[in-house]
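# Summary of structural features
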Amino acid sequence: MSGPRPARLSMQQRPPGRAVGGAMGWGAALRVLADMDGVLADFEAGVLRAFLARFPGEPRAGLAGRRGWLPKEQHQAKIPLCHAKIVSVYESPGFFLGLDPIPGAIEAMKEMIQMKDTEVFICTSPLRKYEPCIPEKYKWVEKHLGPEFVDRLILTRDKTIVSADLLFDDKDTIQGVEPNPSWEHILFTCCHNKHLELKPPHRRLQSWADDWRAILESKRRK
Ligand SMILES: [Mg+2]
């Protein structure tokens, strides 16, 4: 999914105040999407912590043994009856708001939004049981990143229809109605995907301490 970026409108002056202005066509700006759970907010650690608090003594799969995408499937593989308990943990009030930031994520986002010719948005898929998940996602963004990023929060169950140059996401396969998304998916390393071997041209970001700036630069039009 990497390759030359499609032609866009010519460069326009960025208006003052950093209002969200994609529709105005800041043609030369690199557009970056960052997923939320597993990239900005530590969903996996939050599930484990909340599960242990709510069901002390219950057997569970630790983070080190995680393989594959859905935590409920992971835990179900080891403990057939705890599916509903896992779901109940992340559907509980306060779960999403209480997630810790992934190390370095806040600093990276705040640096990225200040970069010249760069537009950054948060692109996240809410749970189907959308309350309290959705309001808590907004509150989390405001709490950790500030109101500027609240304006940049995109909630969608289908990320393939969102237009951008890059998508940092911990989900290994991102599919939807658009078979050829405009973005290059950069797999953000997480406990459930670290065992996957990516074939070129697919790329990873190991953490926010990894060189995300070089990945952005690699997508800019020369
Ligand atoms: Mg994610």
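Structure: see above.
These lines cover the structure that appears in this document, whether it is placed above or below. Computed from a predicted structure; not experimentally measured. (Residues numbered from 1 in each chain as written. Predicted model: local features only at pLDDT ≥ 70, side-chain atom pairs only at ≥ 80, totals over all residues. Heavy atoms only, no water.)

## Topic: helix 7 (residues 212–219)
Listing the buried residues of helix 7 in full gives Trp212, Ile215, Leu216 and Lys219. Taken end-on, helix 7 shows its buried residues confined to a sector of 100°, consistent with a single buried face. If you follow the buried residues of helix 7, they end up packed against strand 1 (30–34), helix 4 (105–113), strand 2 (118–124), strand 4 (166–169), strand 5 (184–188) and strand 6 (203–205). (Buried < 20%, exposed > 50% of the residue type's maximum accessible area, 1.4 Å probe, protein only. Helix = DSSP H or I, 4+ residues; strand = E, 2+ residues; numbered from the N terminus. Arc of directions from axis to C-beta. Contact = heavy atoms within 4.5 Å.)

## Concerning the pattern of salt bridges
Between side chains of opposite charge, a pair can form as their charged atoms come close. Applying the stated criterion across every chain yields a total of 10 salt bridges. Taking the shortest distance from any N to any O, the salt bridge between Lys159 and Asp35 comes out at 2.9 Å. Remark: Asp35 occurs in the loop between strand 1 and helix 1 (43–54) and Lys159 occurs in the loop between strand 3 (153–155) and strand 4; sequence separation between them is 124 residues. Judged by relative accessible area, Lys159 falls into the buried class, the value being 7%. Counted as one network, the salt bridges with shared partners bring together Asp35, Lys159 and Asp169. (Salt bridge = Lys/Arg side-chain N within 4 Å of Asp/Glu carboxyl O.)

## Some points on the packing of helix 4 against helix 7
Orientation of helix 4 relative to helix 7, taken along the N-to-C sense of each, is 35°, at an axis distance of 11 Å. Where helix 4 crosses over helix 7, the handedness of that crossing is right-handed. Packed against helix 4, whose contacting residues are Ala108, Glu111 and Met112, the element helix 7 presents Trp212, Arg213 and Leu216 at the interface. Among the residues making up the contact of helix 4 with helix 7, the classes are represented as 4 nonpolar, no polar and 2 charged. (Axes fitted to C-alpha atoms, helices over the stretch in contact; angles between N-to-C directions. Left-handed = near helix turned anticlockwise from the far one by under 90°. Nonpolar A, V, L, I, M, F, W, Y, C, P; charged D, E, K, R; others polar.)

## Some points on the sheet that holds strand 1
Read from one edge of the open sheet, 6 strands run 3-2-1-4-5-6, paired in parallel fashion. In the strand order of this sheet, the two ends are held by strand 3 and strand 6, each with one partner. In this sheet, neighbouring strand axes are inclined to one another by 30° on average, regardless of whether the strands run parallel or antiparallel. Note that strand 4 and strand 5 share 4 bridges and pair parallel. Counted as the bridge partner of Phe168 is Ile186 from strand 5. Contacting strand 1 and strand 2, helix 4 runs over the sheet at an angle of about 140° to strand 2. Sheet strands in contact with helix 5 (residues 130–144) are strand 2 and strand 3, and its direction is about 160° off that of strand 3. (Pairing = 2+ DSSP bridges.)

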